[in-house]
Amino acid sequence: MKSWQTFQKIAFVAFVCVELLIFVGAFVRASGSGLGCPDWPFCYGCWVPPSSAEAINFDKLDLEKFRAKAARHGRDPATITEETLRAEYDPVSTWVEYINRLTSLPVGLSVVALFFAGFGQLKRGRPAVTAAAMFSLALVLANAWLGARVVLSGLKPGTITLHMALAILLLCTLVFAAWRGTDQPWRLPLQGAGGARMRWVGLALFLLVAVEGVMGSQVREMTDELAKLHSGQARASWVGELEQTWVYLVHRSFSWAILGVGIWFMRLGRRALPQGPRWLEKNILGLILGQMCLGLILAQVGILAAAQILHIGLSSLLVSGLFLWLLGAALSLHIPAKDKA
């Protein structure tokens, strides 16, 4: 792109806000703070959570809702009292989860701004971009609703995975909006048969990463359960239990296939691109290598929280980068060969 339009800048800001939220959300999961605020949209009945158990104002809490929630998860509702809630209050988890919720505010504001800016794209003959802006807002609203279900379900595994999947879909939608919100979208100067082959390999790489991400979400669900079962124990001991499951073993081995296809992707770029692999292709391979290193740490050293956070965050960047590459590659199909300079 020769210059950034206002609409593209808004889409990029929204993308950055969503990425930041994914990293913060990964920290929430790795630290076990997902239920730090047991109610929603408030936190212990307030917009700003209490700083101590003694500061909880039970006049603002509906204990019957807490008891109904406990009953859904097999806990005796009679055990939910003011005393037990005070005893279970964890200030660190509460504020970590509260900050996570605050981080979602810039996402909502930027996507609302994108929604209104999207109507201007109709005048420029880009209805697909307007649709992307609308879809972005729909995804944010759906994920906000799902976020409430995550809390009310007590971090139900399937709900958490869907929550993450919608965030990744939102990232791809914002990438499309930023890429297409101009008269001259960025394109790849792919050449000849080598270019066609590289497009197919790029698509295969994107699909492999998506499948790996689904399995990775399932592994994360298992580590969340292990965190509950082995609270206070060393995370290094979790790997042995994970190795008893086929999902973890396939997920761990599948990464080598992604690395192989990634290297093939780069080699094709030497012939399909006039100047060889450029910034995007190099960053894609760099992210794959980074994910491999983090995977080795998680498998050989232990399920370290810092490695988990980076693993999740970088995977979202990898999917976004590959999606942008595919958009540029698809556009190159419609550009005459003489114009691919």
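For the structure itself, look to the data block above.
Just so you know, these numbers come straight off a predicted model, no measurement behind them.

Draft legend 1. Geometry of the overall build of the protein chain. Counting its regular elements, the protein chain contains 11 helices and zero strands. When the helices and strands of the protein chain are read in sequence order from the N terminus, they spell out α-α-α-α-α-α-α-α-α-α-α. Among the 341 residues that make up the protein chain, the fraction classed as buried is 48%. Working note: accessible area of the protein chain is about 17000 Å², and carbon and sulfur atoms make up 67% of it.

Draft legend 2. The arrangement of the packing of helix H1 (residues 6–30) against helix H11 (residues 305–332) in detail. Packing of H1 against H11 brings their axes to within 8 Å, and their N-to-C directions diverge by 150 degrees. In terms of their interaxial angle, H1 and H11 are classed as roughly antiparallel. Considering only the axes of H1 and H11, their crossing is right-handed. Together, Phe 15, Glu 19, Ile 22, Phe 23, Ala 26, Phe 27 and Ala 30 of H1 and Ala 305, Gln 308, Ile 309, Leu 310, Ile 312, Gly 313, Leu 314, Ser 316, Leu 317 and Ser 320 of H11 make up the contact between the two elements.

Draft legend 3. Layout of the packing of helix H9 (residues 246–272) against helix H10 (residues 279–300). It is the contact of H9 with H10, at a shortest axis distance of 10 Å, that shows an interaxial angle of 155 degrees. Our classification of the angle between H9 and H10 gives roughly antiparallel. Between H9 and H10 the crossing geometry is left-handed. Facing Tyr 248, Arg 252, Ser 255, Trp 256, Ile 258, Leu 259, Gly 262, Ile 263, Phe 265 and Met 266 of H9, the residues of H10 in contact are Glu 281, Lys 282, Ile 284, Leu 285, Ile 288, Leu 289, Met 292 and Ala 299. Of the residues that constitute the contact of H9 with H10, the class distribution is 13 nonpolar, two polar and three charged.

Draft legend 4. Seen up close, the nonpolar core. The biggest cluster of nonpolar side chains holds 74 residues, and the ones touching the most others in it are Leu 190, Met 198, Leu 205, Ile 284 and Trp 325. Elements supplying a minimum of two residues to this core: H1, helix H4 (91–123), helix H5 (127–152), helix H6 (157–180), helix H7 (192–229), H9, H10 and H11. The leading source of residues in this core is H11, at 13 residues. Membership of the second largest hydrophobic core comes to 14 residues, among which are Ala 53, Phe 58, Leu 63 and Tyr 89.

Criteria and thresholds
- Along each chain, numbering runs from 1 in the same order as the chain's sequence is written.
- Local features are withheld for residues below a pLDDT of 70 in this predicted model, meaning they are given only at 70 or higher, and side-chain atom pairs are given and counted only at 80 or more; totals for whole chains, interfaces and linings count all residues.
- Hydrogens and water molecules were not included; the side-chain quantities draw on all heavy atoms of the structure.
- Only DSSP runs of H or I covering at least 4 residues are called helices, and only runs of E covering at least 2 are called strands; the numbering of each starts at the N terminus.
- Only protein chains enter the area calculation, which uses a 1.4 Å probe; residues under 20% of their type maximum are buried, those over 50% are exposed, and those in between are partly exposed.
- For the area figures, the Shrake-Rupley method with a 1.4 Å probe applies, and any residue is considered shielded solely by the protein chains shown.
- With axes taken as lines fitted to C-alpha atoms, and helix axes fitted only over the stretch in contact, angles between N-to-C directions fall between 0 and 180 degrees.
- We call two directions roughly parallel when the angle between them is under 35 degrees, roughly antiparallel when it is over 145, roughly perpendicular when it lies between 65 and 115, and oblique otherwise.
- By definition, turning the near helix anticlockwise from the far helix through less than a right angle yields a left-handed crossing, and turning it clockwise yields a right-handed one.
- The contact criterion used is simple: two residues touch if any of their non-hydrogen atoms lie within 4.5 Å.
- Residues are sorted three ways: Asp, Glu, Lys and Arg are charged, Ala, Val, Leu, Ile, Met, Phe, Trp, Tyr, Cys and Pro are nonpolar, and all the rest, Gly among them, are polar.
- We call a set of buried Ala, Val, Leu, Ile, Met, Phe, Trp, Tyr and Cys residues a nonpolar core when their side-chain atoms join them within 4.5 Å.

Scope: geometric values only; no functional claims are made or implied.
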